[in-house]
Each structure stands twice: as C-alpha cells, then as structure tokens.
Amino acid sequence: MIWKHATSVKWVDFHLVQFFFACLPSLAVYLVAQYSRYEMRRMEAEAELKKKAEEEAKAKELELMAEEEKQATDPQLSEVKARLDKLEETIKEIVVDSKKQSSDVAERSVSNAVKKGPGTTEPGTPDAKEKTTPSSDGKTQPRTSLPDQKQIKNEGSSPDAKK
C-alpha cells in the first residue's frame, strides 16, 4: 500500500507539471497582451498631447498673422502703439530718476543734520522758525523785518489803495 501511494503522488506531480507547461504559452500571450494594452494607452495619451500642442501652436500662429494683418492694414494704429510704448518708457525713466533724486536729497539732508547737530543751520539759510520772502533786489529777507499787512493798509502804500 505504501508503494501504491508513492506512485499516485508521482502521477499527480507529473500531470501538474504537464498542465503548467500546457498553460504557459497562454499565460505568456495574456501577459504580453496586457503589457501592449498599457503601452498603447500611454502612446495614445502622448499623441493627444502632441496634437494639442500642435493645435495651440497653429492657433498662436494664426493669431500672430491676424495681428500682423491688422497692423499692416492700419499703419496709424501701429504708429500710435509705438509712440505709446516710447512714452511709457520715458515716463518710467523719469519716475526712476525722480525717486533717485528725492532719496539723494533726503540722504543729504539727514547727513547734513547729523554733521551739524540739531538746531544749527548754515549761514545764509533760513532757520525753520524764521521764514523768508524774496525782495525786489533778488535777496531774501526775513519776514520779521518786512512791514506787516496791517501797516501797509494803514499807510496806503499798497498799489490797490491808490486806485
């Protein structure tokens, strides 16, 4: 009986091996089909992306051609656009220059104030409290030395009083 059991196990093993070898080509075909299906989907997605990119490029080219045609048909419009671009550039330059000048002036005033100390001014420059008014000679005089408006009206020395 032991011997009979051993031969049946060999028989089952042999048949299993034969079944595996019989199914192997079908399994290989199935796996190749799955892989090729995956590759086909990937390649289709790449092809769609390329088509979209080509369509976008064509659309951009058409837009550029349409703009060129518009500019060619309307030269005044293109001239106006060119002049506006130049004006924008000059305005930007002016703004940058004015910012530089204002920052330079602010830096100079701060550095001058720091060097001289608070409350001191250069000779010939008015103090913050003392305001000046230009005279007919071209020199500046402090307002305190000028006659008051009430005095001018009382004296009648204003040009309006003579009329």
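As the structure is a prediction and not an experimental result, all values here were calculated from the model. (Residues numbered from 1 in each chain as written. Predicted model: local features only at pLDDT ≥ 70, side-chain atom pairs only at ≥ 80, totals over all residues. Heavy atoms only, no water.)

## Some thoughts on the overall build of the protein
From N to C terminus, the protein includes four helices and two strands. In the protein, the succession of helices and strands from N to C terminus is α-α-β-β-α-α. In the protein, which comprises 163 residues, the proportion classed as buried is 2%. By element, 60% of the accessible surface of the protein is carried by carbon and sulfur atoms, the whole surface being about 15,600 Å². (Helix = DSSP H or I, 4+ residues; strand = E, 2+ residues; numbered from the N terminus. Buried < 20%, exposed > 50% of the residue type's maximum accessible area, 1.4 Å probe, protein only. Areas by Shrake-Rupley, 256 points an atom, 1.4 Å probe, with all protein chains shown as cover.)

## Here we look at the UniProt feature "transmembrane region" (unreviewed entry) in the protein
Following the UniProt record, the feature "transmembrane region" (unreviewed entry) maps to residues 12-33 here. Secondary structure across residues 12-33 divides into 100% helix and 0% strand, with the first and last C-alpha atoms of the span separated by 31 Å. (UniProt positions renumbered as here; feature names shortened; annotations may be inferred.)

## Section: the packing of aromatic side chains
Counted under the stated rule, the structure contains one aromatic pair. Ring plane angle 55° and centroid distance 5.8 Å describe the contact between F20 and F21, whose orientation is recorded as tilted. (Phe/Tyr/Trp six-rings, centres within 6.5 Å; stacked < 30°, edge-to-face > 60°.)

## Comments concerning the pattern of salt bridges
Going through the model one piece at a time under the given rule, you end up with two salt bridges. Note that R42 and E46 form a salt bridge whose closest N and O atoms lie 2.9 Å from each other. With a gap of four residues between them, R42 and E46 both fall in helix α1 (residues 2-73), about one helical turn apart. Taken together, the shared-partner salt bridges in this structure form one network comprising E39, R42 and E46. (Salt bridge = Lys/Arg side-chain N within 4 Å of Asp/Glu carboxyl O.)

## Comments concerning the side chain of E39
You can see E39 is positioned in helix α1. Residue class for E39 comes out buried when judged on its relative accessible area of 17%. Within the structure, the side chain of E39 is placed 2.6 Å from the side chain of R42, a separation counted as a polar contact. (Polar contact = N/O pair within 3.5 Å; in protein donor to acceptor, adjacent residues only side chain to side chain.)

## Here's the deal with a negative patch on the surface
Residues D85, E88, E89, E93 and D97 make up a contiguous surface patch of negative charge. Looking at where D85 falls in the secondary structure, it is placed in helix α2 (residues 75-116). (Patch = residues over 30% accessible without salt bridge, like charges linked within 9 Å, V, L, I, M, F, W, Y side chains within 5 Å. Lys, Arg positive; Asp, Glu negative; His and termini not counted. Charge placed at Lys NZ, Arg CZ, Asp CG, Glu CD.)

## Concerning a nonpolar patch on the surface
Together, V17, F20, F21, L24, L27, Y30 and L31 make up an exposed nonpolar region whose accessible area comes to about 700 Å². Residue placement: L27 occurs in helix α1. On the accessibility criterion, L27 (43% relative accessible area) is partly exposed.

## Observations regarding the confidence of the model for the protein
Across the protein, the average pLDDT comes to 77, with 61% of residues at or above 70. Mean pLDDT values for the elements of the protein range from 52 in helix α4 (residues 159-162) up to 87 in α1. (pLDDT = per-residue confidence, 0-100.)

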